[in-house]
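Chain and residue survey
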Amino acid sequence: MTDVLNSLLVQDDRTRRRNAAEVRFHAYGLGAIGVAVLALVLLLTSVVSSGIGAFRQTYITLEIPLPEEKLDKSGRRDSAVMARVTTFGYAPLLRDALLATMAQKGLTTTLSDTDIAGIISKEAAATMRDHVLANPDLIGSTVTLDVLAEGRIDGYFKGRVTMESAELDGRTSPEALRIVQLLADVGVIETRFNWRFLTAPDASDQRPEAAGLGVAIFGSLYMMLVVLVLALPIGVATSIYLEEFAPRNRLSDLIEVNISNLAAVPSIVFGILGLAIFINFAGLRQSSPLVGGLVLTLMTLPTIIISTRAALKSVPPSIRDAALAVGASKMQSVFHHVLPPAAPGILTGTIIGLAQALGETAPLLLIGMVAFVRDYPAAFTAEAGLFGEAATALPVQVFNWTQRADPGFAERASGAIIMLLVFLLAMNTVAILLRRRFERRW
Amino acid sequence: MKDTNLAESVDTMVRQKILARNVSVHYGETYAIKDVSVDIVANAVTAFIGPSGCGKSTFLRCLNRMNDTIDTCRVTGDIRIDGEDIYDRKVDPVQLRAKVGMVFQKPNPFPKSIFDNVAYGPKIHGLARNKAEMDNIVEDALKKAALWNEVKDRLHTPGTGLSGGQQQRLCIARAIATAPEVLLMDEPCSALDPIATAQIEELIQELRQSYCVVIVTHSMQQAARISQKTAFFHMGSLVEFGETDRIFTTPADPRTESYITGRIG
């Protein structure tokens, strides 16, 4: 029986076609992963390369005399009187200090004094004023302060501004760049890590160098807290009721379908809802992170409910039977035996919901969190009430900054995106750790 | 062996434990159990046999009201344990289930330690006042379930890490830890190998001394080996009920005869 046609050593046509299909499918899979990885790498490189600069900032170290006759004519150190001196009173002091430093280092220039003053950020005078008002005893002495350099100068040290681009630029000149390079060589100008980016509030659109994420991070964390405190208990309680206790009938089917639908509702619709209910009807303040948190809670609930129900469903029914058969009540069986193994799934769903909420922009635009917020919200004060004043959020801050003309803000926006990604990464890491920690096997 | 079985069963027939009269069960539109009446005696093993889907498990689950968990299930008729109607509105199924323990077809230990598995029932029913009492209850239950010697050194390892037969004995220990009077077993050996099955069967023989055991089984040999009374279910009806010995030797109903001789089922 040497039938060649049936030999196992030779693949028949059918087998060959089947194997070819498997190989092709394998290749499709690899290709898809390749595309995904490539997209991720491109995204990260582009964001990091344009945003990393936001984490470094150029400072000018100046020795500034604080003459009493200019800053406190009365000599009484009365803060109300001293506050009458505006930033316009401080700016010349800064300019003079810079000119004095240049003279001391033997640097000469063809620039006018006004152009020299333009090397220093407009924010610097305000910073200095705040510093002096906080410490009135400094008046009469000479202080050494690190003040912000103007945005273009900062850009020069980060490679964003070059001699060629300065030629065409109304706000700086090649000569100014030459001077700052010389100042940097003698250590007066320095670029270092930018804590202000993480702590300072937003700045006006003329001062990208002063803009920071402080208020946005505060607002985002505040909203995450509100979402966590509201959405987790409500979502888990809803899921437990629907999954374990609710009778199966038309009404529960209807609720189920609508929760799934809710998960697919565009987030901007939740924004309109929030505007109508929380601001127009309930009279809560616009732009307040409390309203933002409430809106995001509504948006996150379906995500939490769906994932919690999936987690509860994945607990084998035999465990429920076992608990009931030894005489546990329905609630005991759920809380002692169904919830614990479902916990990792619930937590993962919650954190994914939170991460989604953290990155959400559209609904916040509608409730006014897109406002320009110059100060930290004065929460917990009498006039602001418990849930206080306006704040922004990280994604909204990105949206805001990308709309501004100064290229310094493009860098800031990318920097904010990096922070947003860092937060998301941190949350997902927590989700994975919790999962590992609570996971049980059957 | 049959003779001793018979002798023992006659000896223990004195006390009726469970009385079921005209029990019918509906699942929605399905008529699952039709008018079943049966008397189950204490300190004996009663076996329910019959082909798949004949309603024997459904009837078993009526005895501790596990059917309550199924929304569409409706039970009519009268089931009395020690003369008390268990479907009376005043009866709390939680109390009933502490009195009527149950072991399932597939071993289903909680994903917790061996100790916690056994201690759970006593804990929620407040049977132990302190740690020492609880230790005693757990040890006692595990000994009765013939599992103590195998697990005494690893009481705090997961119950799910045991072999299938050990898991099933753990489930039996868990059921008897709440000090029930009746033990319901729903095909407890169907997921086990012959050696584990033999161990469980031996265990059931011992449990009979202290409990009223009701067992559902697919295996007629098993029913013949371990039970004193046998009920044959077919298509939702109780066809024949009597001494195991008599059912297997001189069945009165032709359907019973067909089933035990392998012609149907």
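Remember, it's a predicted structure, so these values are computed and weren't measured experimentally.

1. Describing the nonpolar core
Residue and element names in this part refer to chain A. Counting residues in hydrophobic clusters, the biggest one holds 50 residues, and the most contacted among them are Phe197, Leu213, Leu296, Leu364, Ile367 and Trp401. Sorting the residues of this core by element identifies α11 (214-245), α13 (267-281), α14 (289-313), α16 (330-358), α18 (394-402) and α19 (407-438) as the ones contributing at least two each. Of the residues that make up this core, three or more belong to each of domain 2 (56-199) and domain 3 (214-438). Sequence-distant contacts of isoleucine 367, that is, excluding residues within four places in its chain, are made with Gly271, Gly274, Leu275, Ile279, Gln286, Ser287, Val291, Gly292 and Val295.

2. Some details on the sheet that holds strand β10 (residues 237-243) of chain B
All names here are of chain B. Overall, mixed pairing links the six strands, which are arranged β6-β7-β8-β3-β9-β10 in an open sheet. Both outer strands of the open sheet, β6 (100-103) and β10, are each paired with one neighbouring strand and no more. Mean inter-strand twist for the sheet, computed between neighbouring axes without regard to direction, equals 15°. As paired elements, strand β3 (residues 45-49) and strand β8 (residues 212-216) share four bridges and run parallel to each other. Note on β8: the bridge partner recorded for valine 45 is valine 213. Where helix α7 (residues 164-177) meets the sheet, its contacts fall on β6 and β7 (182-186), and the angle it forms with β6 comes to roughly 170°.

3. Points about α14 of chain A
Here α14 of chain A spans 35 Å end to end across 25 residues, near enough to the 36 Å set by a 1.5 Å rise per residue. Most of α14 of chain A is tucked away: 20 of the 25 residues are buried.

4. Quick notes on the side chain of arginine 320 of chain A
Residue and element names in this part refer to chain A. Considering the arrangement of structural elements, one finds arginine 320 in helix α15 (residues 317-325). Residue classification places arginine 320 among the buried residues on the basis of a relative accessible area of 14%. In terms of polar contacts, arginine 320 uses its side chain to reach the side chain of glutamate 244, at 2.8 Å. Residues contacting arginine 320, with those up to four places away along its chain left out, are Glu244, Leu312, Val315, Ser333 and Val338.

5. Description of the interface of chain B and chain A
Contacts between the two partners involve 23 residues from chain B, matched on the other side by 19 residues from chain A. For the pair chain B and chain A, the summed buried area comes to about 1,700 Å², and 63% of that belongs to carbon and sulfur atoms. Among the residues chain B hides against chain A, the three largest losses belong to Phe110, Pro111 and Tyr120 of chain B. Together they make up 30% of the total. Linking chain B to chain A there are zero salt bridges. Linking chain B with chain A are four residue pairs in polar contact (both at pLDDT 80 or more).

6. Some details on the pairing of β6 of chain B
Residue and element names in this part refer to chain B. In β6, alternate side chains face the same way, and those of Val100 and Met102 on one face and Gly101 and Val103 on the other are all buried. Here four bridges tie β6 to β7, and the two strands are oriented parallel to one another. Along β7, the bridge assignment pairs methionine 102 with leucine 184.

7. With respect to the state of the cysteines
All told, the structure shown has zero disulfides over all chains when counted by the stated rule. In this model cysteine 62 of chain B remains outside any disulfide bridge; the closest cysteine sulfur is found in cysteine 73 of chain B, 6.1 Å from its own.

8. Things to note about the pattern of salt bridges
A full pass over the atoms with the stated rule returns 34 salt bridges over all chains. Salt-bridge contacts for lysine 17 of chain B lead to aspartate 82 of chain B; the nearest nitrogen and oxygen are separated by 3.0 Å. In this pair, lysine 17 of chain B sits in strand β1 (residues 16-27) while aspartate 82 of chain B sits in the loop between β4 (73-81) and β5 (84-85), placing the two residues 65 residues apart along the sequence. We note a salt bridge from arginine 225 of chain B to glutamate 201 of chain B, for which the minimum N-O separation is 2.7 Å. On the criterion of sequence distance, the pair formed by arginine 225 of chain B in helix α9 (residues 220-226) and glutamate 201 of chain B in helix α8 (residues 194-207) is long-range, its members being 24 residues apart. According to the relative accessible area criterion, glutamate 201 of chain B is buried, its value standing at 8%. The network of salt bridges with shared partners includes Glu150, Arg152, Asp169, Arg171 and Asp406 of chain A.

9. Concerning a nonpolar patch on the surface
All names here are of chain A. Residues Leu40, Leu43, Leu44, Val48, Ile52 and Leu421 make up a contiguous nonpolar surface patch of about 480 Å² in total accessible area. By residue number, the principal contributor to the nonpolar patch is helix α1 (residues 13-51), which donates four residues. Looking at the element boundaries, leucine 421 is found in helix α19. Given the relative accessible area of 31%, leucine 421 is considered partly exposed.

10. A word on the domain arrangement of chain A
Residue and element names in this part refer to chain A. Considered domain by domain, chain A is made up of domain 1 (2-51), domain 2 (56-199) and domain 3 (214-438). Using only C-alpha atoms to locate each centre, domain 1 and domain 3 end up separated by 39 Å. Every contact between the two is made by five residues of domain 1 and, on the other side, six residues of domain 3. Both sides of the domain 1 and domain 3 interface together cover about 410 Å² of buried area, and 76% of this is carbon and sulfur. On the domain 1 side of the interface with domain 3, the three residues burying the most area are Val47, Ser50 and Gly51, jointly 79% of the side's total. Put simply, domain 1 and domain 3 have one residue pair in polar contact (both at pLDDT 80 or more) between them. For the side of domain 1 that touches domain 3, a count of residues per class yields three nonpolar, two polar and no charged.

Basis of the calculations
- Residues numbered from 1 in each chain as written.
- Chains lettered and ligands numbered in written order.
- Predicted model: local features only at pLDDT ≥ 70, side-chain atom pairs only at ≥ 80, totals over all residues.
- Heavy atoms only, no water.
- Core = buried A, V, L, I, M, F, W, Y, C linked by side-chain atoms within 4.5 Å.
- Buried < 20%, exposed > 50% of the residue type's maximum accessible area, 1.4 Å probe, protein only.
- Helix = DSSP H or I, 4+ residues; strand = E, 2+ residues; numbered from the N terminus.
- Domains from an automatic or database assignment.
- Contact = heavy atoms within 4.5 Å.
- Pairing = 2+ DSSP bridges.
- Axes fitted to C-alpha atoms, helices over the stretch in contact; angles between N-to-C directions.
- Expected span 1.5 Å × (residues − 1).
- Polar contact = N/O pair within 3.5 Å; in protein donor to acceptor, adjacent residues only side chain to side chain.
- Buried area = accessible area lost by both parts, 1.4 Å probe.
- Salt bridge = Lys/Arg side-chain N within 4 Å of Asp/Glu carboxyl O.
- Disulfide = S-S within 2.5 Å.
- Patch = residues over 30% accessible without salt bridge, like charges linked within 9 Å, V, L, I, M, F, W, Y side chains within 5 Å.
- Areas by Shrake-Rupley, 256 points an atom, 1.4 Å probe, with all protein chains shown as cover.
- Nonpolar A, V, L, I, M, F, W, Y, C, P; charged D, E, K, R; others polar.

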